[in-house]
Amino acid sequence: MVEEQKLREFFVDDVFARSIGVKIDEITESGVTCSLAVTPGHLNAGGAVQGGVIFTLADFAFAVAANSSGMLTVSLHNDITFMHPAKGKTLYAKTRLVSSTRQMAFYEVQVTDELGTQVAAVSVAGYRKGPLPV
């Protein structure tokens, strides 16, 4: 596992995630938790959190978790199911490694709000390109 500070420094340059307010809350051997404080700028025309915002939070959490292995890992395939609209003011994305090989990593990401509402479930297949440049 990559040293936590080096991993955090690597993701400082992720301008898109940072621009919408995604934060890395926790990095452990068993997974990563990222969060996002919902603002009016995250809402769609219907007043719900826009799906792209939810996806970005989940994808970023996957990226942090997968790259913590020390291998530069990118998404190959994502499958997201939107389950319920967020009711709270903060969203959380928690990752779980399902399986990994030398070149592939498979993760599940659960997106919830602080009230416990399950907002989305995401399955991600990632490709390990080579050593992480940290």
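Summary of the structure given here. All residue numbers here refer to positions counted from 1 along the written sequence of the relevant chain. Local features in a predicted model are, by the rule used here, given only for residues with pLDDT of at least 70; side-chain atom pairs are given and counted only at 80 or more, and totals for whole chains, interfaces and linings are based on all residues. Water and hydrogen atoms were dropped before computing side-chain values, which therefore reflect all heavy atoms in the structure.

## Some points on the overall build of the chain
Looking only at helices and strands, the chain has three helices and six strands in total. Secondary structure elements follow DSSP: runs of H or I of four or more residues count as helices, runs of E of two or more count as strands, with numbering from the N terminus. Listed by position from the N terminus, the elements making up the chain come as α-α-β-β-α-β-β-β-β. Only C-alpha atoms enter the radius of gyration, while the globule expectation follows 2.2 Å times N to the 0.38, with N the number of residues. For 134 residues, the compact-globule estimate of 2.2 N^0.38 gives 14 Å, and the chain sits close to it at 14 Å. By principal-axis analysis of the C-alpha atoms, the chain measures approximately 45 × 25 × 20 Å. Burial classes follow relative accessibility: with a 1.4 Å probe on protein chains only, a residue under 20% of its type's maximum area counts as buried, one over 50% as exposed, and anything between as partly exposed. Counting only residues that meet the buried cut, the chain has 40% of its 134 residues in that class. Residue contacts are defined here by distance: any two heavy atoms, one from each residue, within 4.5 Å place the two residues in contact. Sequence separation of at least 24 residues holds for 62% of the intrachain contacts in the chain that already meet a minimum separation of 6. Note on areas: these come from Shrake-Rupley sampling with a 1.4 Å probe, and a residue is covered only by the protein chains present in the view. Accessible surface for the chain amounts to roughly 7,100 Å². Of this, 54% is attributable to carbon and sulfur atoms. Here the positive residues are Lys and Arg and the negative ones are Asp and Glu; neither His nor the chain ends is included. Where a charge sits is defined by one atom per residue type, namely NZ (Lys), CZ (Arg), CG (Asp) or CD (Glu). In the chain, the 11 positive side-chain charges and the 13 negative ones have mean positions that sit 2 Å from each other.

## Side note on the side chain of histidine 42
Looking at the element boundaries, histidine 42 is found in the loop between β2 (31–37) and α3 (51–67). Owing to a relative accessible area of 6%, histidine 42 belongs among the buried residues under this scheme. We define a polar contact as two N or O atoms separated by no more than 3.5 Å, with the added condition that, inside protein, one atom must be a possible hydrogen donor and the other a possible acceptor, whereas residues neighbouring each other in sequence contribute only through side-chain atom pairs. From its side chain, histidine 42 meets the backbone oxygen of isoleucine 20 in a polar contact 2.8 Å long. Separated by 2.9 Å, the side chain of histidine 42 and the backbone nitrogen of threonine 39 make a polar contact.

## Some words on the environment of alanine 37
Structurally, alanine 37 is set in strand β2. Look past the residues within four positions of alanine 37 in its chain and what remains in contact with it is His42, Lys89 and Thr90.

## Side note on the pairing of strand β1 (residues 23–28)
With five bridges joining them, β1 and β2 adopt antiparallel strand pairing. Pairing of lysine 23 across the sheet is with serine 35, part of β2. Between β1 and the antiparallel strand that follows it, β2, lie two residues. DSSP calls a pair of strands paired once it identifies at least 2 bridges connecting them.

## Concerning the packing of aromatic side chains
Stacked, tilted and edge-to-face are the three classes applied to pairs of Phe, Tyr and Trp rings, where Trp contributes its six-membered ring and a pair requires centres within 6.5 Å; stacked means planes under 30 degrees apart, edge-to-face means over 60, and tilted covers the rest. Overall, the coordinates contain three aromatic pairs when judged by the stated rule. Plain terms: the ring middles of phenylalanine 10 and phenylalanine 11 are 5.1 Å apart, the flat faces sit at 90° to each other, and that makes the pair edge-to-face. Judged by relative accessible area, which is 8%, phenylalanine 11 ranks as buried. Ring plane angle 80° and centroid distance 5.4 Å describe the contact between phenylalanine 11 and phenylalanine 60, whose orientation is recorded as edge-to-face. One end of the pair, phenylalanine 11, is in helix α1 (residues 4–11); the other, phenylalanine 60, is in helix α3, and 49 residues separate them in sequence. Of the two residues examined, phenylalanine 11 and phenylalanine 60, each falls in the buried class.

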